[in-house]
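Residue-level structure breakdown
Here is what each chain is made of, one letter per residue.
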Amino acid sequence: MSKKIQAIRGMNDLLPAQAPLWQYFEQQVRTLMGRYGYDEIRTPILEQTALFKRSIGEVTDIVEKEMYTFEDRNGDSLTLRPEGTASCVRAAMENGLLHNQTQRLWYQGPMFRHERPQKGRYRQFHQVGVETFGLEGPDIDAEVILLSARLWKQLGLFEHVTLELNSLGSPEARAAYRDKLVSYFEAHLDVLDEDSRRRLSTNPLRILDSKNPAMADMLADAPRLMDHLDDESREHFERLTAILDAAGIEYVINPRLVRGLDYYSRTVFEWTTEALGSQGTVCAGGRYDGLVEQLGGKPVPAVGFAMGIERLILLLETLELVPDAVHDTLDVYLLPMGEAAEAAALELAERLRDDLPALRLQLHCGGGGFKSRIRKADKSGARLALLLGEEELAENAVTLKFLREEREQRRLSRSELAPALADLLSEA
């Protein structure tokens with residue numbers, strides 16, 4: 001017997017029982033984006049490898065260790081996208097969306113990173129992202145934060161997440177800060193772990209992200225980027241926090257919240273939760289005014305965020321915040337009895353779908369005895385069963401049977417059926 005083929009580790013199937021919750025989440029996102037005037041963009045999952053090397057950086061863990069990269073038949077190096085921002089910027093540049101224009105864009109879809117799979121983190125994972133272009137004031141920074149806050153409110157998560165803020169300042173101010181930070185770390189080399197020593201020459205700001213408890217005291221005393229901001233960045237941050245204060249959005253200023261890439265500037269933020277253990281970040285964003293220029297375009301201010309769908313689904317389940325309606329199943333299971341009834345049932349099912357567009361109806365197929373069919377009707381989760389046999393065909397009628405309630409079954413004429421179902425569905 002040949003060996004069974006299994007899914008690739010860290011790349012999971014989404015089964016029918018899980019799909020309704022994903023659909024619920026995706027619909028909440030889609031509705032919210034429309035309310036804020038954001039337009040959806042869809043980009044390929046494959047891009048030229050150079051796009052991510054230039055945007056993310058060749059000395060990052062993502063590029064060095066985690067990307068799925070291969071040569072195609074033409075010898076071109078291609079990569080499955082590890083994140084969505086670079087692809088969105090590439091598409092906007094290539095299609096002329098950034099020329100003297102502002103854009104508010106959003107996307108959702110799969111991303112790929114070859115990292116160690118763990119709960120809430122997978123090798124194929126899914127993100128929702130927001131990217132805005134052409135707007136440089138703190139008002140747009142505030143809008144994307146308020147948009148994400150409204151999503152938490154819609155999902156019932158707002159009381160379970162915390163907004164963390166910081167400012168990275170201008171590239172010039174950050175470069176000066178970087179020099180001070182490197183000097184500080186070099187004076188504490190004996191405390192740095194191996195990963196931090198590697199980052200010291202390539203990405204020293206990311207050392208501040210370290211969760212190593214042995215480094216906690218040393219990091220707490222490290223120079224603060226907020227103390228080295230240029231005047232414009234400090235004013236930008238103060239205006240942002242004033243807008244959030246006026247909107248009633250609480251936040252924590254986290255001086256260790258950074259992004260290690262040169263194209264980031266000024267605002268960075270994360271929404272975190274304590275409900276998922278070490279996987280506490282559920283949304284991360286910031287301003288990346290230098291990325292369009294880094295990818296060959298003219299300078300364009302930009303700000304956005306990304307959130308992992310798997311992690312948010314896990315959070316909803318952990319906190320038991322999944323609405324009952326998400327698990328709604330069928331309304332009606334239609335049971336034909338006999339060959340003549342099977343043809344009539346197909347016609348009846350289509351007519352009911354015409355008359356009641358919201359009706360969730362499944363037609364029994366595959367034959368079987370009466371008890372077997374009733375068991376399948378019950379297992380379907382439907383509230384009602386419609387029985388169509390020889391007697392019903394002769395009378396041009398249908399028998400309505402209640403599967404979840406102690407109510408007597410009813411014989412209804414075809415003309416009475418649709419109005420009766422509409423009344424019963426309105427009771428639910």
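Residues numbered from 1 in each chain as written. Predicted model: local features only at pLDDT ≥ 70, side-chain atom pairs only at ≥ 80, totals over all residues. Heavy atoms only, no water.

Turning to the overall build of the protein, a few remarks are in order. Looking only at helices and strands, one finds 15 helices and 16 strands in the protein. Each principal axis of the C-alpha atoms in the protein carries an extent, and together these give about 90 × 60 × 45 Å. Here the protein, with 428 residues, has 49% of them falling under the buried criterion. Within the protein, contacts between residues at least 6 apart in sequence are counted, and of these 70% link residues at least 24 apart. Summed over all atoms, the accessible surface of the protein reaches about 22,100 Å², with 48% contributed by carbon and sulfur. The positive charge centre, built from 52 side chains, and the negative charge centre, built from 68, are 4 Å apart in the protein. (Helix = DSSP H or I, 4+ residues; strand = E, 2+ residues; numbered from the N terminus. Buried < 20%, exposed > 50% of the residue type's maximum accessible area, 1.4 Å probe, protein only. Contact = heavy atoms within 4.5 Å. Areas by Shrake-Rupley, 256 points an atom, 1.4 Å probe, with all protein chains shown as cover. Lys, Arg positive; Asp, Glu negative; His and termini not counted. Charge placed at Lys NZ, Arg CZ, Asp CG, Glu CD.)

The next point concerns helix H12 (residues 339–355). The end-to-end C-alpha separation of H12 is 25 Å, in line with the 24 Å expected for 17 residues at 1.5 Å each. Burial in H12 covers these residues: Ala341, Ala344, Ala345, Leu348, Ala349 and Leu352. On its buried side, H12 packs onto strand S12 (332–336), strand S13 (361–363), strand S14 (384–388), helix H14 (390–395), strand S15 (397–402) and helix H15 (414–427). (Expected span 1.5 Å × (residues − 1).)

This part is about the packing of aromatic side chains. For the structure on display, the rule yields six aromatic pairs. An angle of 70° between the planes, with centres 6.5 Å apart, marks the rings of Phe269 and Phe305 as edge-to-face. Here Phe269, found in strand S9 (residues 267–272), pairs with Phe305, found in strand S11 (residues 302–308); they are 36 residues apart in sequence, far enough to count as distant. In this structure, Lys153 packs its charged tip against the face of Phe158, placed 5.0 Å from the ring centre. (Phe/Tyr/Trp six-rings, centres within 6.5 Å; stacked < 30°, edge-to-face > 60°. Lys NZ or Arg CZ within 6 Å of the ring centre and 35° of its normal.)

Glancing now at the nonpolar core. Counting residues in each nonpolar core, the largest one holds 46 residues, and the members touching the most others are Phe25, Trp152, Phe269, Trp271 and Met307. With nine residues, the top contributor of residues to this core is helix H5 (residues 138–155). Among the nonpolar cores identified, the runner-up in size contains 45 residues, and Ile62, Leu98, Leu200 and Met218 belong to it. (Core = buried A, V, L, I, M, F, W, Y, C linked by side-chain atoms within 4.5 Å.)

Our focus in this paragraph is the sheet that holds strand S10 (residues 281–287). A sheet is described by the order of its strands in space; here eight strands give the open sequence S1-S5-S6-S11-S10-S9-S7-S8, paired in mixed fashion. Pairing within the sheet leaves two strands with one partner each, and these edge strands are strand S1 (39–40) and strand S8 (252–253). Sheet topology places S9 next to S10; five bridges connect them, and they run antiparallel. Following the sheet pairing, Glu270 is matched in S10 by Ala284. Of the strands in this sheet, strand S5 (103–112), strand S6 (124–133), strand S7 (162–167), S9, S10 and S11 are in contact with H5, which crosses S11 at around 20°. (Pairing = 2+ DSSP bridges. Axes fitted to C-alpha atoms, helices over the stretch in contact; angles between N-to-C directions.)

The subject of this paragraph is a nonpolar patch on the surface. A surface patch of nonpolar side chains, about 230 Å² in accessible area, is lined by Ile45, Leu46 and Phe70. Taking the relative accessible area as the measure of exposure, Leu46 reaches 35% and is therefore partly exposed. (Patch = residues over 30% accessible without salt bridge, like charges linked within 9 Å, V, L, I, M, F, W, Y side chains within 5 Å. Salt bridge = Lys/Arg side-chain N within 4 Å of Asp/Glu carboxyl O.)

Turning to its location among the elements, Asp141 is positioned in helix H5. Within the structure, Asp141 has its side chain in polar contact with the side chain of Thr267 (distance 2.6 Å). Excluding residues that lie within four positions of it along the chain, Asp141 makes contacts with His236, Leu240, Thr267, Arg287 and Val303. (Polar contact = N/O pair within 3.5 Å; in protein donor to acceptor, adjacent residues only side chain to side chain.)

Take the environment of Asp209 next. For Asp209, the location among the structural elements is in the loop between helix H7 (194–200) and helix H8 (216–220). In sequence terms Asp209 and Leu219 are 10 residues apart; their C-alpha atoms lie 9.2 Å from each other. The contact partners of Asp209, leaving out residues within four places of it in the chain, are Arg256 and Val258.

This paragraph deals with the packing of H5 against helix H9 (residues 231–247). Orientation of H5 relative to H9, taken along the N-to-C sense of each, is 40°, at an axis distance of 9 Å. The orientation of H5 relative to H9 falls into the category oblique. Relative to H9, H5 is oriented so that their crossing is right-handed. Of the residues in H9, those touching H5 at Pro138, Asp139, Asp141, Ala142, Ile145 and Leu146 are His236, Arg239, Leu240, Ile243, Leu244 and Ala247. Residue classes in the contact of H5 with H9 are distributed as eight nonpolar, one polar and three charged. (Parallel < 35°, antiparallel > 145°, perpendicular 65-115°, else oblique. Left-handed = near helix turned anticlockwise from the far one by under 90°. Nonpolar A, V, L, I, M, F, W, Y, C, P; charged D, E, K, R; others polar.)

Turning next to the pattern of salt bridges. Taken as a whole and assessed by the stated rule, the structure comprises 24 salt bridges. Here Arg199 makes a salt bridge to Asp195, at a shortest N to O gap of 3.6 Å. Pair noted here: Arg199 and Asp195 are both in helix H7, with a separation of four residues, about one helical turn. The class of Arg199 is buried, set by a relative accessible area of 16%. Note that Arg407 is salt-bridged to Glu427, the shortest N-O span being 3.4 Å. Within this pair, whereas Arg407 is found in the loop between S15 and strand S16 (410–413), its partner Glu427 is found in helix H15, the two being separated by 20 residues in sequence. A residue is classified by how much of its surface remains accessible, and Glu427, at 49% relative accessible area, is partly exposed. Connected through shared salt-bridge partners, Arg383, Glu405, Arg407 and Glu427 make up one network.

Now for the packing of H12 against H15. Two elements in contact, H12 and H15, have axes separated by 11 Å at closest approach and are oriented at 45°. In terms of axis orientation, H12 runs oblique to H15. The two elements H12 and H15 cross, and the hand of that crossing is right-handed. Mapping the contact onto sequence places Ala344, Glu347, Leu348, Arg351, Leu352 and Asp355 in H12 and Arg414, Leu417, Ala418 and Leu421 in H15. Grouping the constituent residues of the contact of H12 with H15 by class yields six nonpolar, no polar and four charged.

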